[in-house]
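Per-entry structural report
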Amino acid sequence: MRKYKIAVVPGDGIGPEIVPAVLKIIEAIGEKEGFRIEKVFYPWGAGNYLKYGEFMPSNGLDILKPYDAIFFGSVGLPEVDDTLPAKDYTFKVRTGFQQYVNFRPVRTYPGFHGPLKEKKDIDFVVVRENTEGEFVQVGSQIMPDSADGMGIDTSVFTRKGIERIAHYSFKLARQRKKLVHHITKSNTLINSLTYWDRVINEVAEQYPDVEHRQMYIDNCSANFVLHPEIFDVVLTTNLFGDILSDLGGAIMGSLGLGGSGNINPEKEYPSMFEPIHGSAPDIAGKNIANPLGTVWSASLMLDHLGEKVAAQKIMEAMDKTCAAGILPVDLGGNAGTTQIADAIIERL
Ligand code: ATP
């Protein structure tokens with residue numbers, strides 16, 4: 001029997017409700033497809049910070065490194081400074097493990113109509129650069145209390161960083177509809193993003209079989225709503241990707257629907273899989289959180305581990321569940337988190 005070592009970090013808010021429910025789905029498909037997951041839970045996050053003063057132990061990355069993958073819920077609580085979760089957990093893992101691809105797919109689900117007027121055939125992936133760009137957190141606040149105070153953040157775009165995310169995107173497009181939109185704002189960010197454009201254009205020349213279009217972020221945002229069917233692979237910077245993927249979740253019908261993977265394609269380090277939504281403390285503890293984004297993340301994790309059939313079967317069972325009208329509250333249904341997970345297991 002194939003075995004995978006999974007570090008489970010349920011996190012805060014709705015994470016500890018959704019993650020165990022979805023682990024049951026992974027275990028159920030594992031039994032059918034001949035693999036087993038050896039899971040170890042780590043109670044890290046904002047709750048841990050309130051108790052012990054740290055989101056994760058200082059040797060957290062050493063602890064996580066031997067695992068095949070990290071299955072993560074969400075991090076953050078209203079009573080904890082909301083600049084800390086990214087700085088002290090998410091960015092540490094993403095950067096420390098060179099998870100330079102943030103893979104965030106968007107598609108139409110069966111069984112309900114999203115917020116767009118016409119139901120369109122949407123199926124694209126936002127590939128967000130995940131380790132540099134606008135989120136490197138290099139900068140400072142100068143005389144913040146004075147009338148001349150200022151805050152400065154520096155964006156960092158390196159040739160290496162752009163090349164590797166561009167190659168990933170063009171290779172991905174080859175397995176899909178062979179179309180990459182690269183998202184930019186080089187008409188105003190004339191240093192960082194003209195360099196981003198230049199390096200992507202150089203990489204694009206190595207993939208003559210893949211169509212490549214450049215699009216400004218403002219135009220792209222409008223097109224996500226007006227013409228989402230035109231996209232296949234959407235290659236974006238860290239900040240643009242953060243915003244676009246939430247918009248992607250919204251056009252599907254809810255933030256609760258989006259799955260994602262923080263991927264180290266070379267598999268030198270473990271990759272981390274998480275839903276795109278946050279900890280949603282307003283709905284925590286009520287068993288009403290939508291688990292479908294986390295189910296999708298589980299499917300992405302299994303695909304990354306090489307369990308392609310299991311990954312596909314989870315998506316099919318999820319679609320059957322939605323098509324049968326078993327829907328969470330945020331999509332207008334009345335099924336609870338655990339009830340949806342059970343319904344998916346029944347349909348595997
Ligand atoms: P973060 O910055 O950590 O991504 P956020 O500020 O974007 O977090 P979320 O925690 O994602 O905020 O939640 C925003 C709102 O969306 C929540 O208040 C909640 O009502 C809704 N929401 C998010 N995730 C879900 C879910 N899985 N099921 C149902 N509703 C959700």
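Residues numbered from 1 in each chain as written. Predicted model: local features only at pLDDT ≥ 70, side-chain atom pairs only at ≥ 80, totals over all residues. Heavy atoms only, no water.

1. A look at the nonpolar core
We apply this condition: What makes a nonpolar core is a set of buried Ala, Val, Leu, Ile, Met, Phe, Trp, Tyr and Cys residues whose side-chain atoms join them at distances within 4.5 Å. Burial status follows relative accessibility: with a 1.4 Å probe on protein chains alone, a residue under 20% of its type maximum counts as buried, one over 50% as exposed, and anything between as partly exposed. Throughout the structure description, domain borders are defined by an automatic or database domain assignment.
One finds I6, I26, F71, Y109, F124, L292 and L302 to be the most contacted residues of the largest nonpolar core, which totals 83 residues. Residue contributions to this core reach at least three from each of two domains, namely domain 1 (1-99 + 269-274 + 286-348) and domain 2 (113-252). Y42, W44, A46 and F55 belong to the second largest nonpolar core, which has 18 residues in total.

2. Points about the domain arrangement of the protein
Selection criterion: Between two residues, a contact is recorded if the distance between any of their heavy atoms is within 4.5 Å. Two parts lose some accessible area (1.4 Å probe) when they are put together, and adding that loss for both gives the buried area. Only one rule defines a salt bridge in this text: a Lys or Arg side-chain nitrogen within 4 Å of an Asp or Glu carboxyl oxygen. Side-chain atoms alone can form a polar contact between residues adjacent in sequence; in general such a contact is a pair of N or O atoms within 3.5 Å, and within protein one must be able to donate a hydrogen while the other accepts it. Helix and strand assignments follow DSSP, with helices taken as H or I runs no shorter than four residues and strands as E runs no shorter than two, numbered in order from the N terminus.
What the domain assignment reports for the protein is domain 1 (1-99 + 269-274 + 286-348) and domain 2 (113-252). Contact with domain 1, which involves seven residues of that partner, is made by seven residues of domain 2. Interface area for domain 1 against domain 2, summed over the two sides, is near 650 Å², with a carbon-plus-sulfur share of 48%. It is F91, R94 and Q98 in domain 1 that bury the most area against domain 2; as a group they hold 58% of the surface buried on that side. Our count for the contact surface shared by domain 1 and domain 2 stands at zero salt bridges. Connecting domain 1 to domain 2 are two residue pairs in polar contact (both at pLDDT 80 or more). Of the residues forming the side of domain 1 that touches domain 2, the biggest block, four residues, is contributed by helix α4 (residues 84-96).

3. What to know about unusual backbone geometry
Of note, M143 is a non-glycine position whose phi angle comes to about 45°, a positive value. Relative to the assigned elements, M143 resides in the loop between β6 (133-142) and β7 (150-156).

4. A few points about the pairing of strand β8 (residues 179-184)
Which entries qualify depends on this criterion: In this analysis, strands are considered paired if DSSP registers two or more bridges between them.
Among the six residues that make up β8, six are buried, leaving the element largely enclosed by the rest of the structure. Burial along β8 is two-sided: the face carrying L179, H181 and I183 and the face carrying V180, H182 and T184 are both buried. As judged from the six bridges shared by β8 and strand β9 (residues 211-216), these two strands associate in the parallel manner. Bridged to V180 within β9 is H212.

5. Quick look at the side chain of T337
By the secondary structure assignment, T337 is in helix α11 (residues 337-346). Among all residues touching T337, those that are not within four sequence positions of it are E17, I18, N287, I288, A289 and P291.

6. Observations regarding the packing of aromatic side chains
Note the threshold: Pairing of aromatic side chains requires ring centres within 6.5 Å, counting the rings of Phe and Tyr and the six-membered ring of Trp. Pairs whose planes differ by under 30 degrees are stacked, by over 60 edge-to-face, and all others tilted.
Enumeration according to the criterion identifies 14 aromatic pairs in this entry. Measuring from centroid to centroid gives 5.7 Å for F91 and F135, while their planes differ by 25°, and the two rings are stacked. Here the residue F91 occupies a position in helix α4, and F135 occupies one in strand β6, the gap between them amounting to 44 residues. Each member of the pair, F91 as well as F135, is classed as buried. Plain terms: the ring middles of F157 and W196 are 5.9 Å apart, the flat faces sit at 70° to each other, and that makes the pair edge-to-face. Linking F157 in the loop between β7 and α5 (159-174) with W196 in helix α6 (residues 192-204), this pair joins segments that are 39 residues apart in sequence. For the pair shown, F157 and W196 are each scored as buried. Members of the aromatic cluster, joined through ring pairs, are Y42, W44 and Y67.

7. Concerning the site of the ligand
The following threshold applies: Residues are labelled near a given molecule or strand when at least one of their non-hydrogen atoms is within 4 Å of it. The accessible surface values rely on the Shrake-Rupley method and a 1.4 Å probe; as for residues, cover is taken only from the protein chains in view. All residues other than Ala, Val, Leu, Ile, Met, Phe, Trp, Tyr, Cys, Pro, Asp, Glu, Lys and Arg, Gly among them, are scored as polar; the first ten of these are nonpolar and the last four charged.
Neighbouring residues of the ligand: I14, L255, G256, H277, G278, S279, A280, D282, I283, A289, N290 and D330. One of the backbone nitrogen or oxygen atoms of A280 is found 2.8 Å away from an oxygen atom of the ligand. For the ligand, whose accessible area on its own is 620 Å², the fraction buried by protein is 60%. Residue composition of the shell around the ligand, grouped by class: five nonpolar, five polar and two charged.

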